[in-house]
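Letter by letter, the chains look like this.
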There are 2 protein chains.
Amino acid sequence: MPAERPETLRVFSLNCWGIRFFSQLCTQRYEMIGELLGREQHDIALLQEVWSEKDFLFLKRKLSSSHPYTHYFKSGVFGSGLAVFSKHRIQDALLYKYSLNGYPYMLHQGDWFGGKAVGLVIVDIFGLKAHVYVTHLHAEYSRAQDEYLPHRMVQSWELLQFVRHTSCGADLVVLGGDLNMHPQDLGNRLLRSHTGLRDCYTETDTFDGCEDGHTLIAANHFSKKQDLIPFEKGIRIDYILMKGSQKVSMKCESLSTTKGPVANKPYPYSDHEALTAELALLHSEDSRQHGSSNGEDSHTALAVSEQMDVVAEARAVVKEGLCQTEALRDKATYLMFSGLLLLLLPLAMAFLPCFCSFSTLGLLGAVCMSLLLSGAMLYLLFTTHIKVLKETDDQMMLTSNDLQTKLTGCRLSGSPSSDGSPELQPLSPFKREE
Amino acid sequence: MPAERPETLRVFSLNCWGIRFFSQLCTQRYEMIGELLGREQHDIALLQEVWSEKDFLFLKRKLSSSHPYTHYFKSGVFGSGLAVFSKHRIQDALLYKYSLNGYPYMLHQGDWFGGKAVGLVIVDIFGLKAHVYVTHLHAEYSRAQDEYLPHRMVQSWELLQFVRHTSCGADLVVLGGDLNMHPQDLGNRLLRSHTGLRDCYTETDTFDGCEDGHTLIAANHFSKKQDLIPFEKGIRIDYILMKGSQKVSMKCESLSTTKGPVANKPYPYSDHEALTAELALLHSEDSRQHGSSNGEDSHTALAVSEQMDVVAEARAVVKEGLCQTEALRDKATYLMFSGLLLLLLPLAMAFLPCFCSFSTLGLLGAVCMSLLLSGAMLYLLFTTHIKVLKETDDQMMLTSNDLQTKLTGCRLSGSPSSDGSPELQPLSPFKREE
């Protein structure tokens, strides 16, 4: 192993809550975040909700010596909010914008306007090829009645597909971000089981942070207390996940979170807690001796079976979303046709003996036209959503069939496939929480 | 080499021109296409512009015995139009929708409504892992004044990034589709040089088809003759590209195109010509002896230098697109503010001594509101486009810097990098046409 290769990689992740003129004390908090990053000098810092490019540029200037390599992912109207700061050279970047991300008419929620996405940067860490992903999924506004569950499920699927298909040449994989999902939520299980990514919180040797690793806590000055009901202590929705390769296996040596208030500062860094992971890189020339798939062959049939179960659960959610969206499209169709029918009214009146003025007719016409156009735009929107949901279901079905084939292969031969394909990487068993 | 592994792979690609109720003789032509595919039994058929799912389902039924594995990529309002029919098992599918794809208000062009994308299917060909891509890029409506050039450039970039980052584990790579670019157009050079994909037309041992491989020809009954000006003979915009791996190297043994009229049929299959490639798969246990990168090390510095030049050219186009889109956003801003100012007029009139009716005020208000809303929506649209163009430029800059680092490495050591990264695959020299 070359001497200069690092033994550990320090990774930081924080949802910065950076909505200018809305998030409290935004400028002051970016000052604090900049100070923290400059002082701590993590190898890689993954930030979410850096909605304003000005704030990114402020951090970029402030961290120009500690983190000379940066990428700010631009997408949607406001941007993706995703930013990466790295001590090591960023070779390449790629962005995948999620196909489903809320509704444009939910102006007060704003998710649709931020082009939520997963960003990938390929970082050269002394000759090791690290694929580092940063993402932020759609918010959960109500856990009891979560109308965005299918959207988040599609996002989870697209995230796992993106990671699975772009991480094949990586020596190590790190994913950080705000998944807006609890640890055992379906989307989270789907992501972990199909990518083989392991959750640093459940894997770490030592942990220093909020109880149960919570990243949204009542003790945080900025957190909205109603978001935590019925989880009084807090919830864990921010993650650092990791995966090694045949060349390098990874181990989380320590994980820490901030705990709300910051010493010597009047307020926390954000409404979310920050995560810092120290990841040990165990180099190995021969994966069959020390690699991540070491001694795991006996588990593969079980793992494939688990993957199948979780995909089946996810498909049910997507199908439910499809029904809901088809109902919404039907409503849009009614609106459109109501507008069209009502439009006949002023047209008919124009040909009747004139009992109302040109202006009245015009106003009526304008109202009908606006109904018609609104209906048409909503129809287009929901049609697009239906296409995305169907595509996701089709992809899930393909994966499900493929897993079935592998499972049959496993049962026949005791190993899932003979082609050594990277799909087998996800078969590493992962710890279950709680 | 196992006996059952195929020696050749037969790939078909056709833009089906399947706009129901608009494309001439659509149903009859799908009958003909179905017959052709059923008879020819290509390993993989890649279709574009299958806009209607009904037509896909018709083909699926018709080809259920010859091509039992299919995937129809769903995206946008009308769909992506992309379909794959395969004799071999499709293990997985992934879709990347292009971020920039025309304007929604160009209703008569319709590109925006078809969610143009690149689709990937992973096909198991007797244990070989084939990554098969199908795509369709934005149309070129005017070569002299091509306002969509930046859109197609972004699409080319996203296509190459997607192929580069998802093809790493493949034994062989095939890309087919309608690129809407001539062979030496910048986007095409960018794609080939950065992915290492080789054009079957320039690589083939034998060719049987239209002069210069044209796929849009005057002799085709359906082709619009004004699209061909000033290229009287025709243009080549449909392609089959290929790339081997360390395990398998690929060679195009023969390529053919249809030539407009079809024997014993009253009309052609489509307004485009179809392509059929026979690709020889040369299995190799040791790439260093027979692989695709065989003996090419001496060319890498030159290839890196060429890649840098072509990225620089592409960045210039993206920057030009950025200026144009910023100007469009400025116009949208004026429209929005005009609507807002005019809205003050009926509001002021409402408080003045009443010289006009409620209806007149309402009509005026409605006109102003529609101006304001149109302006706001266009502003959002162009802001999104600006974000995409900036992101593309940033990614291109990263790649450019990375190539510069590699070039320095090449010149110092005579080889571009020591980590054996898959980025080096694109360094294989490619033939230049004409």
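Quick caveat: nothing in here was measured; it's all calculated off a predicted structure. (Residues numbered from 1 in each chain as written. Chains lettered and ligands numbered in written order. Predicted model: local features only at pLDDT ≥ 70, side-chain atom pairs only at ≥ 80, totals over all residues. Heavy atoms only, no water.)

Section: the sheet that holds strand β5 (residues 89–97) of chain A
All names here are of chain A. For the record, the criterion: A pair of strands is labelled paired if DSSP reports no fewer than 2 bridges between them. The numbering of helices and of strands both runs from the N terminus, where a helix is a DSSP run of H or I of at least 4 residues and a strand a run of E of at least 2.
The mixed open sheet is built from six strands, whose spatial order is β5-β6-β7-β8-β13-β9. In the strand order of this sheet, the two ends are held by β5 and β9 (198–199), each with one partner. Sheet analysis places strand β7 (residues 128–136) next to strand β8 (residues 172–178), joined by seven bridges and oriented parallel. The partner of V134 across the bridge, within β8, is G176.

Some words on the pairing of strand β8 (residues 172–178) of chain B
Residue and element names in this part refer to chain B. Note the cut-off: Burial classification: accessible surface area is computed with a 1.4 Å probe over protein chains only, and a residue below 20% of its type maximum counts as buried, one above 50% as exposed, and the rest as partly exposed.
Counted residue by residue, β8 has seven buried out of seven residues, so it is predominantly covered. Residue alternation in β8 divides its side chains into two sets, L172, V174, G176 and D178 and V173, L175 and G177, and both sets are buried. Of the pairings in the sheet, the one linking β8 to strand β11 (residues 238–243) comprises six bridges and is antiparallel in character. The residue of β11 that forms the bridge with G177 is Y239.

A word on the pattern of salt bridges
Our working rule: The rule for a salt bridge is simple: a side-chain nitrogen of Lys or Arg has to be within 4 Å of a carboxyl oxygen of Asp or Glu.
One pass over the structure, following the stated rule, counts 46 salt bridges over all chains. For D92 of chain B, the salt bridge is made with R164 of chain A, and the minimal N-O distance between the two is 2.5 Å. Linking D92 of chain B in strand β5 (residues 89–97) with R164 of chain A in helix α3 (residues 149–166), this pair reaches from one chain into another. For the pair formed by D92 of chain B and R164 of chain A, the shared burial category is buried. A salt bridge links D393 of chain A to K319 of chain A; the nearest nitrogen and oxygen atoms lie 3.2 Å apart. Remark: K319 of chain A occurs in helix α8 (residues 300–351) and D393 of chain A occurs in helix α9 (residues 358–413); sequence separation between them is 74 residues. Here D393 of chain A falls in the buried class, since its relative accessible area comes to 10%. The network of salt bridges with common partners includes R89 and D124 of chain A together with D402 and K406 of chain B.

As for the sheet that holds strand β7 (residues 128–136) of chain B
Selection rule: In what follows, a contact means two residues having at least one pair of non-hydrogen atoms within 4.5 Å. Convention adopted: a line fitted to C-alpha atoms gives each axis, helices being fitted over their contacting stretch, and angles between N-to-C directions are expressed from 0 to 180 degrees.
Taken together, the six strands give an open sheet; going across it, the order is β5-β6-β7-β8-β11-β9 (chain B), and neighbouring strands pair in mixed fashion. Every interior strand has two partners, whereas the edge strands, β5 and β9 (198–199) of chain B, have only one. Taken strand by strand, α3 of chain A contacts β5 and β6 (117–125) of chain B, and its axis lies near 110 degrees from that of β5 of chain B.

What about the pairing of β7 of chain B?
The two faces of a sheet get side chains in turn, since along a regular strand they alternate between them. Residues and elements named next belong to chain B. For clarity, the cut-off: The handedness of a crossover follows from its direction of travel: if, with the strands pointing away from the viewer, the path from the first strand over the helix to the second runs clockwise, the crossover is right-handed.
Of all the nine residues making up β7, nine are buried; the element is thus mostly covered by neighbouring parts of the structure. Burial along β7 is two-sided: L128, A130, V132, V134 and H136 facing one way and K129, H131, Y133 and T135 facing the other are all buried. Across eight bridges, the pairing between β6 and β7 is antiparallel. Following the sheet pairing, V118 is matched in β7 by T135. Linkage of β6 to β7, two consecutive antiparallel strands, is achieved through a turn of two residues, within which F126 is found at a positive phi near 50 degrees. Traced from β7 through helix α3 (residues 149–166) to β8, the parallel crossover comes out right-handed.

Let's talk about the nonpolar core
Defined as follows: In plain words, nonpolar cores are sets of buried Ala, Val, Leu, Ile, Met, Phe, Trp, Tyr and Cys residues tied together by side-chain atoms within 4.5 Å.
Of all hydrophobic cores here, the largest spans 74 residues; its most connected members are L159 and L190 of chain A together with L159 and L190 of chain B. The residues contacting L159 of chain A, other than those within four sequence positions of it, are Y98, V118, T135, L137, L175, L179 and L191 of chain A.

Some words on the relation of the copies chain B and chain A
Short version of the rule: A least-squares superposition brings the copies together, and it is based on the C-alpha atoms of residues with pLDDT no lower than 70 in both.
Of the transformation superimposing chain B on chain A, the axial component is 0.0 Å and the angular component is 180 degrees, with the fit at an RMSD of 0.1 Å. The two molecules are tied by a two-fold rotation axis, judged by turn and shift. Both copies contact each other with a shared surface, as 100% of the interface residues of chain B are interface residues in chain A too.

Focus: the interface of chain B and chain A
For clarity, the threshold we go by: By buried area we mean the combined loss of accessible area, with a 1.4 Å probe, across both parts when two parts are placed together. In protein, a polar contact means a hydrogen-donor-capable atom and an acceptor-capable atom, both N or O and within 3.5 Å, with residues adjacent in sequence counting only if both atoms are side-chain atoms; elsewhere, any N or O pair within 3.5 Å suffices. The residue classification treats Ala, Val, Leu, Ile, Met, Phe, Trp, Tyr, Cys and Pro as nonpolar and Asp, Glu, Lys and Arg as charged. All others, Gly included, are polar.
Facing 52 residues of chain B, the contacting portion of chain A comprises 52 residues. Both faces considered, chain B and chain A share a buried interface measuring about 4,600 Å² in area, 58% of it formed by carbon and sulfur atoms. Close ionic contact of R89 of chain A with D402 of chain B constitutes a salt bridge, the shortest N to O distance being 2.7 Å. Our count for the chain B to chain A interface comes out at 20 residue pairs in polar contact (both at pLDDT 80 or more). For the side of chain B that touches chain A, the secondary structure elements donating two or more residues are β3 (69–72), β5, α3 and α9 (358–413) of chain B. At 19 residues, the largest contribution of residues to the side of chain B that touches chain A is made by α9 of chain B. Of the residues belonging to the side of chain B that touches chain A, the class tally is 19 nonpolar, 20 polar and 13 charged.

Describing the UniProt feature "transmembrane region" (unreviewed entry) in chain A
All names here are of chain A. For clarity, the cut-off: UniProt positions are given in the numbering used here, feature names are shortened, and annotations may be inferred rather than shown by experiment.
Feature annotation in UniProt places "transmembrane region" (unreviewed entry) on residues 334–352 and 358–382, given in this structure's numbering. Structurally, residues 334–352 comprises 95% helix and 0% strand, and the distance from its first C-alpha atom to its last is 27 Å. Structurally, residues 358–382 comprises 100% helix and 0% strand, and the distance from its first C-alpha atom to its last is 36 Å.

What to know about the packing of aromatic side chains
All names here are of chain A. Note the cut-off: Ring pairs shown here join Phe, Tyr and Trp side chains whose ring centres sit within 6.5 Å, with only the six-membered ring taken for Trp; geometry is labelled stacked below 30 degrees between planes, edge-to-face above 60, and tilted in between.
Scanning the model with the defined rule gives 29 aromatic pairs over all chains in all. Ring centres 5.5 Å apart and planes at 40 degrees place the aromatic pair F56 and F85 in the tilted group. Here the residue F56 occupies a position in helix α2 (residues 53–62), and F85 occupies one in strand β4 (residues 83–86), the gap between them amounting to 29 residues. We note that F56, like F85, is buried.

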